[in-house]
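Remarks on the overall topology
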Amino acid sequence: MRLEGLTKRYSGSGTPAVDDVSLEIKAGETVVLVGPSGCGKSTLLKMINRLIEPTSGRIRIDDEDVTGIDAVRLRRKIGYAIQSSGLFPHMTVAQNIAQVPRMLGWPKASIQARVEEMLDLVGLDPAEFQGRYPRRLSGGQQQRVGVARALAADPPVLLMDEPFGAVDPITRDHLQDELIRLQHELRKTIVFVTHDFDEAIKLGDRIAVLREHSHIAQFDTPEAILTNPADDFVSGFVGAGAALKRLNLTRVRDVDVVDFPTATVDEPVERISEMLSAGTTNEVLLLDPKQRPYKWLRRGDLAHAKGSLARAGTLVHDTVTRDATLRDALEAVLTDSGGRVAVTGRRGEYTGVVDLETLMNCVHELLDADRLEAIEHRHSLSEAEAKRTYAAQEGLTS
Ligand SMILES: Nc1ncnc2c1ncn2[C@@H]1O[C@H](COP(=O)(O)OP(=O)(O)OP(=O)(O)O)[C@@H](O)[C@H]1O
């Protein structure tokens, strides 16, 4: 997709909200637009699906100039998800998701199948959720339905305007992880707006850092922006703790996820008790019948609870998926007194654990790599400086 010289001048205002923006976004990549409040991010995004008509400039999708085509027809090719989900309150979840396929005239049976497929894709049980009204969903569930609706007609392009802005930080982390997982499967061209740089690093294949009037300060990969910000404006945005932010660039799947002794709740208590007293382990992770992490059970817990599983152990508060960042994993590990977090798969099932030691080793490696890079950078700067001085002394420059 190409944006060419896109400009929006709202009537009555002297300066343009978006001024002459050109951007090339590759098919299947996620580009995050990040910048301060009022810099024109939403305006830029809404010009792509022509919720706002550009004052000038062009938009091309798959080499087709879509600037002039009927806006309603255009929007069927472009999914759109916004903050607070934008669901219609008087329609059920199923009706909300079915909206675009219905407008496109899909047969009833395919629409129903698609609704169920989409709910499943965003991790909501179709039987439980399709008949509900949006007000009976949590904020995170509403956002999931919003994403399901945006994807329903299988558009090649997906626009997302701060879609996770209105949910609590833990839910936001989970929704971000799910978007990453979805994107592995779907490979849509996504343009995502946020003012949260950490979110941009986590989600973007490339990030466009915007300043006033959506002028592009830097358009590059998260790694390049973190290690080599183009100017003071970008460094200001990257902010302090760049090394820690690099934790956002490494995923749980990149470190050692190890096995942990497990048992399921329906196993005989005696067997679990034997496991703990055999001396090979001090702790067992208890899984529910669907193999999801349920409780941490230590030696002694069973005795305290008089052999009853219902009363023994500590509930598992937080889990991470393999797509979660090391920062999320570190947070989960640090808030858990046991110093480890369970890693789960697509349906919440247990796949292993990551512990504090693994994470600390990884942090050290990242910091070492950063230090090395900084030393090399300084070295090449001083070499260049020395060359210039030498050239000046020899009168080689004017
Ligand atoms: N309908 C409108 N009429 C006139 N001016 C507008 C209109 N919508 C937005 N603006 C102005 O255009 C500029 C860019 O607004 P926009 O909402 O695109 O910014 P943004 O970067 O998305 O901001 P935020 O992060 O706060 O949502 C702002 O100065 C805003 O006041």
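Worth saying up front: this structure is predicted, and the values here are computed from it rather than measured.

Thresholds applied
Residues numbered from 1 in each chain as written. Predicted model: local features only at pLDDT ≥ 70, side-chain atom pairs only at ≥ 80, totals over all residues. Helix = DSSP H or I, 4+ residues; strand = E, 2+ residues; numbered from the N terminus. Buried ≥ 20, exposed ≤ 12 C-beta atoms within 10 Å, placed from the backbone. Contact = placed C-beta atoms within 7 Å. Pairing = 2+ DSSP bridges. Axes fitted to C-alpha atoms, helices over the stretch in contact; angles between N-to-C directions. Near = placed C-beta within 6 Å. Nonpolar A, V, L, I, M, F, W, Y, C, P; charged D, E, K, R; others polar. Domains from an automatic or database assignment. Core = buried A, V, L, I, M, F, W, Y, C linked by C-beta atoms within 7 Å.

Counting its secondary structure elements, the protein contains 15 helices and 17 strands. A buried classification covers 36% of the 398 residues belonging to the protein. When contacts within the protein are restricted to residue pairs at least 6 apart in sequence, long-range pairs at least 24 apart make up 61% of them.

In this section: the sheet that holds strand 14 (residues 314-315). The four strands are arranged 11-12-13-14 in an open sheet whose pairing can be described as mixed. Each edge of the open sheet carries a strand with a single partner, namely strand 11 (262-264) and strand 14. Of the pairings in the sheet, the one linking strand 12 (residues 283-287) to strand 13 (residues 293-298) comprises five bridges and is antiparallel in character. Note that in strand 13 the partner of Val 284 across the bridge is Leu 297. In this fold helix 12 (residues 269-277) packs onto strand 11, strand 12 and strand 13, with an angle of close to 150° to the strand it touches most, strand 12.

Near the ligand, the surroundings consist of Tyr 10, Ser 13, Ala 17, Ser 37, Gly 38, Cys 39, Gly 40, Lys 41, Ser 42, Thr 43 and His 195. When the residues that make up the shell around the ligand are grouped by side-chain class, the tally is three nonpolar, seven polar and one charged.

This part takes up the pairing of strand 10 (residues 216-220). Within a regular strand, side chains alternate between the sheet's two faces. Two strands pair when backbone bridges link them, and strand 9 (residues 206-210) and strand 10 are joined in this way by four bridges, in the antiparallel orientation. From the neighbouring strand, Ala 208 faces strand 10, where its bridge partner is Phe 219. Counting the residues between successive antiparallel strands, the hairpin from strand 9 to strand 10 contains five residues, one of them, His 213, with a positive phi of roughly 60°.

Between the antiparallel neighbours strand 12 and strand 13 lie five residues, among them Gln 291 with a positive phi of about 70°. Strand direction decides the pairing type here: strand 13 and strand 14, joined by two bridges, are antiparallel. Opposite Trp 296, over in strand 14, you have Thr 314 as the bridge partner.

Moving on, we get to the sheet that holds strand 17 (residues 350-355). Each strand in a sheet pairs with its neighbour through backbone hydrogen bonds, running either in the same direction (parallel) or in the opposite one (antiparallel). Pairing in this open sheet of three strands is mixed, and the strands run 15-16-17 from one edge to the other. Of all strands in the sheet, those with a lone pairing partner are strand 15 (319-321) and strand 17, marking the two edges. With strand direction ignored, the average angle separating the axes of adjacent strands in the sheet is 40°. One ladder, built from three bridges, connects strand 15 with strand 16 (residues 340-344); its direction is parallel. When the bridges of strand 16 are listed, Val 320 appears paired with Val 343.

This part takes up helix 1 (residues 41-48). When you tally the buried positions in helix 1, you get seven out of eight residues, the bulk of the element. Turning to helix 1, its buried residues number three or more, namely Lys 41, Thr 43, Leu 44, Leu 45, Lys 46, Met 47 and Ile 48. Of the residues one or two after helix 1, Arg 50 is the one with positive phi, at around 60°.

Time to look at the domain arrangement of the protein. Under the domain assignment, the protein is made up of domain 1 (2-240) and domain 2 (241-398). Each of domain 1 and domain 2 has a C-alpha centre, and these two points are 30 Å apart. Contacts between the two partners involve 14 residues from domain 1, matched on the other side by 12 residues from domain 2. Elements represented by at least two residues in the side of domain 1 that touches domain 2 include exactly helix 7 (169-186), helix 8 (197-203) and helix 9 (222-227). Partitioning the side of domain 1 that touches domain 2 into residue classes produces six nonpolar, two polar and six charged.

This part covers the nonpolar core. Nonpolar side chains in soluble globular proteins tend to end up buried together. Within the largest apolar cluster, 65 residues are counted, with the highest numbers of intra-cluster contacts made by Leu 33, Ala 148, Leu 159 and Val 191. Per-element tally for this core: the top contributor is helix 6 (residues 139-151), with five residues. The contact partners of Leu 33, leaving out residues within four places of it in the chain, are Lys 41, Leu 44, Leu 45, Val 191, Val 193, Ala 208 and Leu 210.

So, on to unusual backbone geometry. What is expected of a backbone is that most residues other than glycine have negative phi and most peptide bonds are trans. Phi at Glu 162 is positive, roughly 40°, even though this residue is not glycine. Locating Glu 162 in the fold gives a position in the loop between strand 7 (157-161) and helix 7. Looking at Glu 162, the number of C-beta atoms within 10 Å reads 19, which means it is partly exposed.

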